[in-house]
Amino acid sequence: MARLTEDAKGVYVIAVTPFTDDGALDLASVDSMVDFYESAGVTGLTVLGQLGEAPKLTAEESRLVVERVLKRLDGRLPVVVGVSAPGLAPMRELAEAVMGAGAAGVMVAPPWTVRTDDQAFSFYQSVGEALGDTPFVLQDYPLTTNVTIAPGVIERIVRDVPNCVMLKHEDWPGLAKISALRAASGSGAMRRISILCGNGGLFLPEEMGRGADGAMTGFCYPEMMVGVVEAYGAGNPDRAHEIFDAYLPLARYEQQQGIGLACRKYVLAKRGVIKSAALRKPGAKLSALDIADVERLLARQALRLKEIGA
């Protein structure tokens, strides 16, 4: 599999991790999930992300998930693996293992101990050195990590850390950050790297309009993200917004803190993508009222999609 580069674009869906009802890893559902994402038209997969419940997996389970995804895809799509860890040694160990198995690149979020601009730069400089020639994604998700990385710091990282090839942009609000980074690369102040956006795709049309290359996030209907990115690529932003609007109520509901992932897994199980909607403990469960909300949104979404011919 070719390695991740600054030219990456499209939709790298953040994959869920399937479990059985009793919390065991469900490798058979990993296969069906991979098949589903591929059939939805995604460009690549990202596994062991925060909404892939990576912190709940053992080291052996993490290895098993990555190997199963790579085996199922057999090189047809690139795979990025989250390797964030408190220390560089376990990060490097996992990165070497997954790259050896055929991953295209890895993703690294900053630890909560990073507080200043210089600390953010030093951390990613150390990551670049520890990973050697492995290409990596800088995950900028301050709503979860509580680490804010200013555009100027990202510019500095990109200039000085050559194996940083992508920004997973999840700042909120963050449209100005995309504009600033694209202006910097346009003026030659930094390399132009890939920018793929997160936050469940809630701002994807606007992010594409600011110069993003696509999405790296999860949603129970990845078809939405694929449709938006393809429409923008075809020079039809109005169609991109039309597709986005049809899915927005459900995407909004799925972004709730606490039950969002439970909602995503519920819909994926309903669609037959995974066998069980279970999250590994500790994890939220949908109430009967939550499920009623989701079912209502699904029904309205189906009507809207029919109206727009999508």
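Residues numbered from 1 in each chain as written. Predicted model: local features only at pLDDT ≥ 70, side-chain atom pairs only at ≥ 80, totals over all residues. Heavy atoms only, no water.

Draft legend 1. View of the pairing of strand E6 (residues 164–169). Burial within E6 is extensive, with six of its six residues counted as buried. Bridge analysis of E6 against strand E7 (residues 194–197) gives four bridges, and the strand direction is parallel. Along E7, the bridge assignment pairs Met166 with Ser194. In this view, the connection linking E6 to its parallel neighbour E7 by way of helix H7 (residues 175–186) has right-handed handedness. (Buried < 20%, exposed > 50% of the residue type's maximum accessible area, 1.4 Å probe, protein only. Helix = DSSP H or I, 4+ residues; strand = E, 2+ residues; numbered from the N terminus. Pairing = 2+ DSSP bridges. Right-handed = clockwise from strand over helix to strand, strands pointing away.)

Draft legend 2. Molecular detail of the pairing of strand E5 (residues 136–140). The element E5 is extensively covered by neighbouring structure, given that five of its five residues are classed as buried. Burial of the side chains of E5 extends over both faces: Phe136, Leu138 and Asp140 are buried on one face and Val137 and Gln139 on the other. Two elements, strand E4 (residues 105–108) and E5, share three bridges in a ladder whose sense is parallel. Looking at E5, one finds that Val108 is bridged to Leu138. Where the polypeptide runs from E4 across helix H4 (residues 117–131) and back to E5, its parallel neighbour, the crossover connection is right-handed. Bridging between E5 and E6 involves five bridges; their strand directions are parallel.

Draft legend 3. Just the packing of helix H6 (residues 151–160) against H7, in detail. Packing of H6 against H7 leaves a shortest axis separation of 10 Å and a crossing angle of 40 degrees. Put simply, H6 runs oblique to H7. Of the two possible hands of crossing, H6 and H7 adopt the one that is right-handed. Contacts between H6 and H7 involve Pro151, Ile154 and Glu155 from the former and Lys177, Ala180, Leu181 and Ala184 from the latter. Its residues assigned to classes, the contact of H6 with H7 shows five nonpolar, no polar and two charged. (Axes fitted to C-alpha atoms, helices over the stretch in contact; angles between N-to-C directions. Parallel < 35°, antiparallel > 145°, perpendicular 65-115°, else oblique. Left-handed = near helix turned anticlockwise from the far one by under 90°. Contact = heavy atoms within 4.5 Å. Nonpolar A, V, L, I, M, F, W, Y, C, P; charged D, E, K, R; others polar.)

Draft legend 4. View of H7. Counted at 1.5 Å a residue, the expected span for H7 with its 12 residues is 16 Å, and the 17 Å between its end C-alpha atoms agrees. Taken together, the buried positions of H7 are occupied by Lys177, Ile178, Leu181, Arg182, Ala184 and Ser185. Burial along H7 is one-sided: seen end-on, the buried residues are contained in an arc of 155 degrees. Exposed side chains of H7 directed beyond 90 degrees from the buried face belong to Ala176 and Gly186. Taken together, the buried residues of H7 touch E5, H6, E6, E7 and helix H8 (204–209). Of the residues trailing H7, Gly188 is marked for its positive phi of about 90 degrees. (Expected span 1.5 Å × (residues − 1). Arc of directions from axis to C-beta.)

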